[in-house]
Each structure stands twice: as C-alpha cells, then as structure tokens.
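# A look at the structure
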Amino acid sequence: MSRLRILHLMSCRGWSSDAYWAARAAVELERAGHEVTLCCRAGTEARVIERAREMGVGRIVTLGFRSGFKPRDDLADVRRLREWLPHFDVLHVHRGKDHWVAALANRLSKTPRPLFRTRHIVHAVRSHAANRWLYGTATNFVVTVTEAIRRQYVASGLLPPERVVTLPGGVDAEEFHPGLDGGPMRADRGVQSGRLLVGLVSGLRLMKGHEVAIQAASLLAQDGIRPHFLFIGDGRREERVRELIRSLSLEDQVTLVGFVPDLPRAMAALDIALYVPLESDGMSRVVFECLALGRPLIASRVGVVPEILLDGRDALLVPAGDPELLAGAIKRLVADPGLRTSLGLAARRLVLVHYSGARVAARLANLYTAVLRGLSE
C-alpha cells in the first residue's frame, strides 16, 4: 500500500470520544507508515491539543471552527483549507462544523479530495436538501463506531448502504496489555494480597452506573462476599456517590480514587472490570481498554457491547440498571478463577484480531485506497 497523506479534521472544544477516536486514528495510521495531520479547533491547546500530543500525534494544525454559523470565520476556514488540499490525498472529518468546512473547501477547489465522515453518536440526521448534498454528493464515505449508528444512517436514505461502514474499536493494544503490573495501585489503596479487586473506570456521572455497582456490592456483602471495589475517575456526582457508599456502610469496601495519570497501570490492578452504564450510544472506549488488558469484563447490554461481545465467551453481559443480576455476575466470577482466566484470554484475543488501533487503521487505509483507486479509474 502506498504512503497516504491524510488530514483529520476535528472541531471538538473538549476531550471527547470524537477527539479520542480522531487522535487514535492519526497515531495508528502514522505507525502504519502514512503521513497524518490532525486539524484541531484553535484555542483548545489545554483541553484537546495537549491530550492529542500525549497520545503521540505529531503533526497538528488549527482552524477557527467557531461554534454556530459564523459566515466570516467559516469562510476564512474554508479558504485556508482549500489552500491545504493539494498537500493531502484524503480528508476525514468528525463533526458537523468540520464536515461543512471540508465539503465547501472541496467544492471551491480545483483539487478536491475524497471526504470521509466518522459518526460517533446515535443522533437523527434529517433528510433535507442541505444534508442530501452534504452526504449524498460531497461525502464519499461515512464511518460509524457502532452498527446501530450505521443502521440509522442507512434508514435516513442520505446515502446508499455500501457507502456506510462500521469500525468499532481503536484501542492502543501496545499501551494496554496484560503484562502491565498493577501491584503499585493495589498497594497504594491498601488492597490486601489475595483480595479480589473489582473496578469501574468512568467519570462520576448519572448514567455511568456507579450507583448500580454500589448496590451490587451491598447485595454481595449481605452474602458474605466482599471483593474490594475501585472507582477510577472523577466528576460532579462524587458527593452523591460517597453518600450512597456511607449509607450502605461500604466505606471499607468501595474506594474512589479520582483521576489517575497512568490509567493502563491502574486498570491492570483489577481482577474484574465493570462497564455498567445505564445507556450508551458511542464507541465505549473503556470496553476496548479492558479487553486489551485481558481483564474479565462484566458489561451492560448497551451501545456497542451486544454488537461485539458474546455472553460467556468474551465477557459476562447483564441488563443495564439491574444490581441483582450484576451482583450475580460478580459472584460467578469471584467463585470461578478458571472463568476469569478464560474470559481474559478471549478478551485480549478479540482485540488483537478485530479491535486494536492497528486493525482499525488498516481498515481505514484500505478504505481510503479503494476510494482513491475508484476515483482514478
């Protein structure tokens, strides 16, 4: 495959699943031998650009990407991008603002480039004239991070099914791997040797399922089963979560550790990983990180989970919001070391075969190349 020059445009104001996916794709495509530039929103150095650089993105440029409809600023972005187009083979966008800027720059350029759009969330796309042009004419391909999002696009009628593809995953399987030592995290938190550690990695927000996990811990304690629970992440609901822990007398069993600078090693301390949001419509990044670490996972049947995981083979799946069934799944893994081992091995294998960043980058590069070849014929 020839070396491609790729420009990813991503107008996020903060670090989100969109920003992560774009940065992850940029890093993995660069590792695969392509030349990749990430275009971010000006003024997001602390919130986005520094995070992208920490992930390994080397080439970063900026456009204004002002919120809303700002004709003067938007036109300046279009003009600048039009000047850049001869230096790239492919444009890949991630949000509405960058999508329109790229489409208009292509429209006004003598050297238009194939345009790809990744859709990260389930959100209805209206089939009006502007969107019919944007997707049906100006865009070559749409990439979605779940099959549910793909079905939504196909149902909209904006573009034919063969021009929409699902690419879940994208975890860095070199950074998240089973060989990491989680011992220091266990020691820092006073988790006794031999005591199982159950962990949930997420911001402390309403829909992330912390309350369900706490209720499950209470039910287990009533049966005399007391693994230690570790909540990694911070957020506005911290006091509410702490109040629930106190009300159920679980202070010695559930620990909130907040933000951790070395997430892979913190997650490596876990014996059992939880992903138990009440709902999810995006890429569910933490699912893939847990799988890449080879940790046995218990996951709610939401978002991408039922699309990629088979219950009992790759993970244990439970209904969202049900503490009794969650407690039952945890109890099953606590009692069965062999099952924990088999699930962990299957999880890692699944990532390496299908969902690593390298796999996603290879599929993207093949897609780019096929479109470029088709345009040249």
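To be clear, the structure that these remarks concern was listed above.
Just so you know, the residues in each chain are numbered from 1, in the order the chain's sequence is written. Reporting of local features is limited, given that this is a predicted model, to residues whose pLDDT is at least 70; pairs of side-chain atoms are given and counted only at 80 or more, and all residues count toward the totals for whole chains, interfaces and linings. Excluded from the side-chain calculation are hydrogens and water; included are all heavy atoms of the structure.

### As for helix α8 (residues 210-222)
Counted at 1.5 Å a residue, the expected span for α8 with its 13 residues is 18 Å, and the 19 Å between its end C-alpha atoms agrees. A 1.4 Å probe rolled over the protein chains alone gives each residue an accessible area, and that area as a share of the maximum for its type sets the label: buried under 20%, exposed over 50%, partly exposed in between. The secondary structure listing takes helices from DSSP runs of H or I that are at least 4 residues long and strands from runs of E that are at least 2 residues long, numbered from the N terminus. For α8, the full list of buried residues reads H210, E211, V212, A213, I214, A216, A217, S218, L220 and A221. When checking whether two residues touch, look at their non-hydrogen atoms; a contact exists if any pair is within 4.5 Å. Turning to α8, the residues buried within the fold contact β8 (197-201), β9 (228-232), α9 (238-247), β10 (254-258), β11 (272-275) and α13 (323-335). Once α8 ends, the next one or two residues include G224, with phi positive near 80°. One less than the number of residues in a helix, times 1.5 Å, gives the span that helix is expected to have.

### Observations regarding the environment of A76
Mapped onto the fold, A76 is located in helix α3 (residues 71-84). When the C-alpha atoms of A76 and I308 are compared, they prove to be 42 Å apart, with 232 residues separating the residues in sequence.

### Examining the layout of surface pockets
Cavities and pockets were defined on a 1 Å grid built from protein atoms only: a cavity is a group of points that admits a 1.4 Å probe but offers it no way out, a pocket is an open group of points flanked by protein on both sides within 12 Å along at least five of seven lines, and a lining residue is one with an atom within 4 Å of any such point. Grid points are joined across faces, edges and corners, and a volume is the space filled by probe spheres set on the points. Computed from the structure, the second largest pocket encloses a volume of approximately 340 Å³. What lines the second largest pocket is a set of 18 residues, and nearest its centre among them are G68, D74, G96, K97 and W100. Looking at the lining of the second largest pocket, the elements with two or more residues in it are α3 and α4 (96-108). Looking at the lining of the second largest pocket, the element that brings in the most residues is α4, giving six residues.

### Quick word on a nonpolar patch on the surface
Here a patch means residues that are over 30% exposed by relative accessible area and free of salt bridges, tied together within 9 Å if like-charged and within 5 Å if nonpolar (Val, Leu, Ile, Met, Phe, Trp, Tyr). Residue burial considers only the protein chains on display, and all accessible areas are found by Shrake-Rupley using a 1.4 Å probe. By definition here, a salt bridge exists when the distance from a side-chain nitrogen of Lys or Arg to a carboxyl oxygen of Asp or Glu is within 4 Å. On the surface, a cluster of nonpolar side chains totalling about 230 Å² of accessible area is made up of L206, M207 and L278. In this structure, L278 sits in the loop between β11 and α11 (285-292).

### Re the nonpolar core
By nonpolar core we mean a set of buried residues, namely Ala, Val, Leu, Ile, Met, Phe, Trp, Tyr and Cys, connected to one another through side-chain atoms within 4.5 Å. L9, L38, L81 and L364 are the most contacted members of the largest nonpolar core, which has 63 residues in total. With nine residues, the single largest contributor to this core is helix α1 (residues 17-31). Apart from residues no more than four positions distant in its own chain, L364 is found in contact with W21, A25, L29, H92, V143 and L167.

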